[in-house]
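Breakdown of the fold
Next come the chains, spelled out residue by residue.
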Amino acid sequence: MSRWYRTLPFSADHSARHTERWEWHGAGEPVGFDVDVRIGKPLDVMALKGRDLDEVRAYANYLAGCAKQLYEGRDALESRSNCPACARPLRDTTEALRVFGVQYERCSGCGHVMVTRQPTSAALGRVFAESAQHSAVYVDSSALEIRMAQIIAPKLDWCLEQFVRNGCDAPQRVLDVGAGAGHFLAAAARRGMTVEGFEQSRASRAFASEAFRLALRDDDFCAAPVEPAGLVTFWGLLEYVPEPRRFLAAARRAVLPGGLLVVEVPRADALGTLVQAMEGATVARHMDPTSHVNAFSDESLCTALVEEGFAPVAAWYFGMDAWELVVQAAIHLGDDSLVPRLAELIPVIQEAADRGRQCDDIVIAARPIR
């Protein structure tokens, strides 16, 4: 069994940027990595998400119905015998939470949280490919510029910073897998990079074509021939797939020497997760078993990366936990006015969650191990 340890300065309690030492104790000698850590990301969540909780309720109801169809329908469920992150046999797992009656369990080895009895890959694939509702947040043209300015541009800037930090030239080619509606690739193309993307969702591919004139591929990235790229990105991909390490192995083949793989995943150990685990929670994002069959611990993600040939070089912690908390409180109390009334508290609570690493999102940049 492997274990991870981190050494960080006391200043990490109040700094937005610092260097930590992450150490992996695997089968051989311990291996250390110096990791550039960034805390927090400014976001006008009210402008992005709006104030209409009826939309949250409606989408949560849709997801509940979708979960019933997936987990109680005609398709057989597959039981996982090994952790999809650390690959160890799933013994002595503990229940992490239930959403829509679907149980998430935690691996006793690496802390990974997953649905252990889940729909087949084919059944999940049909949901991603055919459901316009699952892609609705990404194909919302009214929020296009907000998303590009507040979410996409900072992520691209952060990626390019890592090339500078590691003494490498900026990537000329970007490969985005699970490209959604093409926002990240469009931003990279605007800065002169050659781009290519894979996306299963038909609605997302249509939006990418119409909004950005991008032709996203719908074939299997893990099996398809691809031209290697200096930057390969998985923005919110690995939580969707039953075998995330299969994608990491494919990424290892696709990243050029001196290049980077950048992975964004939901964190299981977060304020948002705890709020959604409460009785009667209205789940419309994050721990949604109709799409997110995995939620990562820092240890589970790093274990999967290192065992598939990647060394972490940078990490970025942020999330939407405060918005989740306020929305759940408003729905629980039956008072939608709480959201605008408490809007000024959202960035304060989120900053505390980010600093304490109780945020529901992490991005890790990793370089191929020679």
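Residue numbers run consecutively from 1 along every chain, following the written order of its sequence. With the structure being a predicted model, the display of local features is reserved for residues of pLDDT at least 70 and the display and counting of side-chain atom pairs for 80 or more, all residues being used for whole-chain, interface and lining totals. Values shown for side chains rest on all heavy atoms present in the structure; no hydrogens or waters enter the calculation.

With respect to helix 2 (residues 53-72)
- Working definition: helices are DSSP H or I runs of at least four residues, strands are E runs of at least two. Numbering for both runs from the N terminus. Expected span, for any helix, means 1.5 Å times one less than how many residues it has. Along its 20 residues, helix 2 runs 28 Å from first to last C-alpha, staying within 8% of the 28 Å computed at 1.5 Å per residue.
- We define a polar contact as two N or O atoms separated by no more than 3.5 Å, with the added condition that, inside protein, one atom must be a possible hydrogen donor and the other a possible acceptor, whereas residues neighbouring each other in sequence contribute only through side-chain atom pairs. Between the side-chain oxygen at the start of helix 2 and the backbone nitrogen of aspartate 54 there is a gap of 3.0 Å, and the oxygen is on aspartate 52.

Considering the pairing of strand 2 (residues 17-25)
- The classification of residues rests on relative accessible area computed with a 1.4 Å probe and restricted to protein chains. Under 20% of the type maximum is buried, over 50% is exposed, and intermediate values are partly exposed. Side chains His18, Glu20, Trp22 and Trp24 of strand 2 all project onto a buried face; the interleaved residues Arg17, Thr19, Arg21, Glu23 and His25 project onto a face where none is buried.
- One ladder, built from five bridges, connects strand 1 (residues 3-7) with strand 2; its direction is antiparallel. When the bridges of strand 2 are listed, tyrosine 5 appears paired with glutamate 23.
- Two strands are said to pair when DSSP picks up at least two bridges between them. Where strand 2 lies against strand 3 (residues 31-39), eight bridges are found, and the strand directions are antiparallel.

Some thoughts on the packing of helix 10 (residues 321-333) against helix 12 (residues 346-355)
- Axis angles are defined between N-to-C directions and span 0 to 180 degrees, where every axis is a line fitted to C-alpha atoms and, for a helix, only to the segment in contact. Closest axis-to-axis distance for the helix 10/helix 12 pair is 7 Å, and the angle between their directions is 125°. When the axis of helix 10 is compared with that of helix 12, the two are oblique. In this structure, helix 10 crosses over helix 12, and the sense of that crossing is right-handed. Residues Asp321, Ala322, Trp323, Leu325 and Val326 of helix 10 lie in contact with helix 12, whose contacting residues are Ile346, Ile349 and Gln350.
- Under the scheme applied, nonpolar residues are Ala, Val, Leu, Ile, Met, Phe, Trp, Tyr, Cys and Pro; charged residues are Asp, Glu, Lys and Arg; polar residues are all the others, including Gly. Its residues assigned to classes, the contact of helix 10 with helix 12 shows six nonpolar, one polar and one charged. Angles below 35 degrees are treated as roughly parallel, those above 145 as roughly antiparallel, those between 65 and 115 as roughly perpendicular, and all remaining angles as oblique. Working rule for handedness: look at the near helix, and if it is turned counterclockwise from the far one by less than a right angle, call the crossing left-handed; if clockwise, right-handed. Here a residue-residue contact requires only that any non-hydrogen atoms of the pair lie within 4.5 Å.

Here we look at the state of the cysteines
- Two cysteine sulfur atoms make up a disulfide if the distance between them is within 2.5 Å. For the structure shown, the criterion picks out zero disulfides.
- Here cysteine 86 stays unpaired: no disulfide links it, and the sulfur of cysteine 110, its closest cysteine neighbor, is 3.8 Å away.
- Its sulfur unpaired, cysteine 359 is 14 Å from the next cysteine sulfur, which belongs to cysteine 302.
- A relative accessible area of 0% places cysteine 359 in the buried class.

Re the pairing of strand 9 (residues 173-177)
- Counting buried positions along strand 9 gives five out of five residues, so the element sits mostly inside the fold.
- Alternating residues of strand 9 divide into Arg173, Leu175 and Val177 and Val174 and Asp176, and every residue in both groups is buried.
- The pairing of strand 9 with strand 10 (residues 194-198) spans five bridges and is classified as parallel. When the bridges of strand 10 are listed, valine 174 appears paired with valine 195.
- Of the crossover connections in this fold, the one passing from strand 9 over helix 5 (residues 183-190) to the parallel strand 10 is right-handed.
- Looking at chain direction, strand 9 and strand 11 (residues 229-235) are connected through three bridges and run parallel. Bridging across to strand 11, valine 174 finds its partner in leucine 231. Assignment of crossover handedness uses the view with strands pointing away from the viewer, where a clockwise path from the first strand over the helix to the second indicates a right-handed crossover.

Observations concerning the pattern of salt bridges
- Here, a salt bridge means any Lys or Arg side-chain nitrogen found within 4 Å of an Asp or Glu carboxyl oxygen. Counting across every chain of the model gives 29 salt bridges.
- Of the charged contacts in the structure, one is a salt bridge between aspartate 34 and arginine 21, with a shortest N-O distance of 3.1 Å. Taken as a pair, aspartate 34 in strand 3 and arginine 21 in strand 2 lie far apart in primary sequence, 13 residues in all.
- The partly exposed category is assigned to aspartate 34, whose relative accessible area is 48%.
- Owing to a relative accessible area of 35%, arginine 21 belongs among the partly exposed residues under this scheme.
- Note that arginine 173 is salt-bridged to glutamate 227, the shortest N-O span being 4.0 Å. Of this pair, arginine 173 sits in strand 9 while glutamate 227 sits in the loop between helix 6 (202-212) and strand 11, and the two are 54 residues apart along the sequence.
- Overall, arginine 173 belongs to the buried group, its relative accessible area being 11%.

Description of the sheet that holds strand 14 (residues 310-318)
- Strand order in the open sheet formed by nine strands is 1-2-3-14-15-12-11-9-10, with mixed pairing between adjacent strands. At either end of the open sheet lies a strand with only one pairing partner, and these are strand 1 and strand 10. In this sheet, neighbouring strand axes are inclined to one another by 20° on average, regardless of whether the strands run parallel or antiparallel.

Some points on the packing of aromatic side chains
- In this analysis, rings of Phe, Tyr and Trp, with Trp reduced to its six-membered ring, are considered paired at centre separations within 6.5 Å, and the interplanar angle assigns stacked below 30 degrees, edge-to-face beyond 60, and tilted for intermediate values. Under the definition given, this model contains eleven aromatic pairs.
- Seen in terms of ring centroids, phenylalanine 184 and tryptophan 235 are 5.1 Å apart; in terms of plane orientation they differ by 55°. Their pairing is tilted. Note that phenylalanine 184 is positioned in helix 5 and tryptophan 235 in strand 11, a separation of 51 residues in sequence.
- Overall, phenylalanine 184 belongs to the buried group, its relative accessible area being 4%.
- Summarising the aromatic geometry, the rings of phenylalanine 207 and phenylalanine 212 are spaced 6.2 Å apart at their centres and angled 75° between planes, so their arrangement reads as edge-to-face.
- The buried category is assigned to phenylalanine 207, whose relative accessible area is 12%.
- Two thresholds decide whether a charge sits over a ring: the Lys NZ or Arg CZ must be within 6 Å of the ring centre and within 35 degrees of the ring normal. The ring of phenylalanine 318 carries the charged tip of lysine 41 above its face, separated from the ring centre by 4.9 Å.
- Sitting over the ring of tyrosine 317, arginine 357 keeps its end group 4.7 Å from the ring centre.

Limitation: the analysis is restricted to geometry and does not speak to function.
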